[in-house]
Amino acid sequence: MSQKSYKSIWILLFYILFYSAPALAAERYIIGFSQATTTEPWRLLFNQLTRHEANKHENLTLLVRNAQDSVTKQIADIEELISRKVDALLVSPKEAEGLTEIINRASKSGIPVFVLDRDILNKNYTQFIGGDNTLIGRNAGTFAIDYLGGKGKAKGVILEIWGGQNSTPAHDRHNGFRDIVDQESGISCLNVKNDGDWKQDKAYQIATRAFQTHKNIDLVYAHNDPMAYGAFLAARDLGIEKKMAFIGIDGIPAEGVRWVYDGILDATFLYKTPGGDAIQQALRHLQGEKINKKLTLPTLKIDKNNAEQILRQHGLLN
Ligand code: FRU
């Protein structure tokens, strides 16, 4: 090869390296995360695990906003994240109706949107990640039937305390539960649609009123653990907590699992927080991988048979 051709090859190599180097370095991403609230321990764990996963990726900046249980604030938070032109948006909506329009707007502006835990009224987003709340409701119903005497023989009165009635998990948890317990002629569910908005103190008030009006309640089914605990406290303050069972949902180790271990709740059902998966899925999508429209997280029944083992696994028992 001539001297000249060597020179041209070197020049060519230089240009290839010079122009492709920035592309070879990992691309930087900003992911916005609009969280509905941080009141419940489940939400705190959700935020913690989202940050933990985000911190594993050096090329990622995570911006977290807390809507403090306000739909108006959550809309403003999402507007702000859209105006910052985040590369992807994670949203766990306070409720379905109030957040649908702004989430649709984010998608329309070209931002991939990941809806987490509570769904909206349509599917104009990239992906939904959450547990199967209908299945969880059904599993809770099966537990209730077993506690009340078994299939075909169950007898008793159930008080159900709803989570936020404008949110999809509350409806799915109700429908799944009723699908199962309504098959038992000996079971009756009190005909009151109590909206506890996922809050322990509201559940305490609802349960106190219900216990004073209906003396024969055998089981409380609350749509999350904080509300099941609120109902337990109400029963304890009236001296009747031993007469009934308490079922909750979430099953986080330091809360629901601990309450089951302590004999406060009879059962809880794991409702895995979706933040870690959301970061992974968003990154995959941003890097051009194909992802599914829906990612369903697993659940698990937690009762006296496995609560201790779970606490040990998490280093919460000596
Ligand atoms: C926390 C929470 C959880 C519940 C979930 C349902 O805000 O109430 O306890 O499982 O939201 O969306």
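Everything here concerns the structure above.
Residues numbered from 1 in each chain as written. Predicted model: local features only at pLDDT ≥ 70, side-chain atom pairs only at ≥ 80, totals over all residues. Heavy atoms only, no water.

> What's the story with the site of the ligand in this structure? I'm lost.
Residues in close proximity to the ligand include Thr37, Glu40, Trp42, Arg43, Asp117, Arg118, Pro169, Arg173, Trp198, Asn224, Asp250 and Tyr271, which together make up its full environment. For the ligand, an oxygen atom lies 2.8 Å from a polar atom in the side chain of Asp117. At 3.2 Å from an oxygen atom of the ligand is found a side-chain nitrogen or oxygen belonging to Arg173. Assessed atom by atom at 2 Å from the grid points, the ligand resides in the largest cavity. Secondary structure elements with two or more residues in the shell around the ligand: helix 2 (41-55) and helix 6 (168-181). In terms of residue class, the shell around the ligand is built from 4 nonpolar, 2 polar and 6 charged. A domain split of the shell around the ligand shows at least three residues from each of domain 1 (24-131 + 273-297) and domain 2 (133-272 + 305-313). (Near = heavy atom within 4 Å. Polar contact = N/O pair within 3.5 Å; in protein donor to acceptor, adjacent residues only side chain to side chain. 1 Å grid on protein atoms, 1.4 Å probe; cavity = no way out; pocket = protein on both sides within 12 Å on 5 of 7 lines; lining within 4 Å. Sits in = over half its atoms within 2 Å of the grid points. Helix = DSSP H or I, 4+ residues; strand = E, 2+ residues; numbered from the N terminus. Nonpolar A, V, L, I, M, F, W, Y, C, P; charged D, E, K, R; others polar. Domains from an automatic or database assignment.)

> Help me understand empty space enclosed by the protein, please; the structure alone is not making it clear to me.
Where empty space is left can be seen by rolling a probe of water-molecule size over the atoms. The full count for this structure, using the stated rule, is 1 cavity of 30 Å³ or more. Around the largest cavity, the lining residues are Glu40, Trp42, Arg43, Asp117, Arg118, Pro169, Arg173, Trp198, Asn224, Asp250 and Tyr271. Partitioned by chemical class, the residues of the lining of the largest cavity number 4 nonpolar, 1 polar and 6 charged. (Points joined across faces, edges and corners; volume = space filled by probe spheres on them.)

> I'm lost on the pairing of strand 2 (residues 60-66) in this one. Help?
Strand residues, when the strand is regular, have side chains that alternate between the two faces of the sheet. In terms of strand pairing, strand 1 (residues 29-35) meets strand 2 through 7 bridges, oriented parallel. Note that in strand 2 the partner of Ile31 across the bridge is Leu62. Handedness of the strand 1-helix 2-strand 2 crossover: right-handed. (Pairing = 2+ DSSP bridges. Right-handed = clockwise from strand over helix to strand, strands pointing away.)

> I would appreciate a short explanation of the layout of surface pockets in the present structure.
Of the volumes computed, that of the largest pocket is approximately 270 Å³. Ranked by residues supplied to the lining of the largest pocket, first place goes to helix 2 with 4 residues. Its residues assigned to classes, the lining of the largest pocket shows 10 nonpolar, 6 polar and 3 charged. Here the lining of the largest pocket gathers at least three residues from each of two domains, domain 1 (24-131 + 273-297) and domain 2 (133-272 + 305-313). When its volume is computed, the second largest pocket comes out at roughly 230 Å³. Along its surface, the second largest pocket is lined by 14 residues, and Asp119, Lys123, Phe128, Asp172 and Lys294 are the ones closest to its centre. Elements represented by at least two residues in the lining of the second largest pocket include exactly strand 5 (127-131), helix 5 (133-147), helix 6 and strand 12 (294-297). Its residues placed into classes, the lining of the second largest pocket shows 2 nonpolar, 5 polar and 7 charged. No fewer than three residues from each of domain 1 (24-131 + 273-297) and domain 2 (133-272 + 305-313) sit in the lining of the second largest pocket.

> How do you make sense of the packing of helix 3 (residues 71-83) against helix 4 (residues 97-108) when you look at a structure like this?
The description of two helices packed together rests on the angle between their axes and the distance between the axes. Across the interface, helix 3 lies against helix 4 with an axial gap of 10 Å and an inter-helix angle of 5°. The orientation of helix 3 relative to helix 4 falls into the category roughly parallel. Residues Val71, Gln74, Ile75, Ile78, Glu79 and Ile82 of helix 3 touch helix 4, and the partners they reach there are Gly98, Leu99, Ile102, Ile103, Arg105 and Ala106. Residues that form the contact of helix 3 with helix 4 fall into these classes: 8 nonpolar, 2 polar and 2 charged. (Axes fitted to C-alpha atoms, helices over the stretch in contact; angles between N-to-C directions. Parallel < 35°, antiparallel > 145°, perpendicular 65-115°, else oblique. Contact = heavy atoms within 4.5 Å.)

> Help me understand the environment of Ala203 in this model?
With respect to the helices and strands, Ala203 occurs in helix 7 (residues 200-213). Residue Ala203 is classed as buried on the basis of its relative accessible area, which comes to 0%. For Ala203 and Ala234, which are 31 residues apart along the polypeptide, the C-alpha to C-alpha distance reads 8.5 Å. Setting aside chain neighbours within four positions, we find Ala203 in contact with Ile161 and Met227. (Buried < 20%, exposed > 50% of the residue type's maximum accessible area, 1.4 Å probe, protein only.)

> For this particular structure, what's the right way to read the environment of Asn139?
Among the secondary structure elements, Asn139 is positioned in helix 5. Taking the C-alpha atoms as reference points, Asn139 and Lys153, 14 residues apart in sequence, are found 18 Å from one another. Setting aside residues no more than four positions away along its own chain, Asn139 makes contact with Phe269 and Thr299.

> Any chance you could explain the pattern of salt bridges here in plain terms?
Any two side chains of opposite charge can pair, so long as their charged atoms come close to each other. Evaluation of the coordinates by the stated rule reveals 20 salt bridges. Three or more residues are tied together by salt bridges with common partners; here these are Glu40, Asp69, Lys94, Asp197, Lys199 and Lys202. (Salt bridge = Lys/Arg side-chain N within 4 Å of Asp/Glu carboxyl O.)

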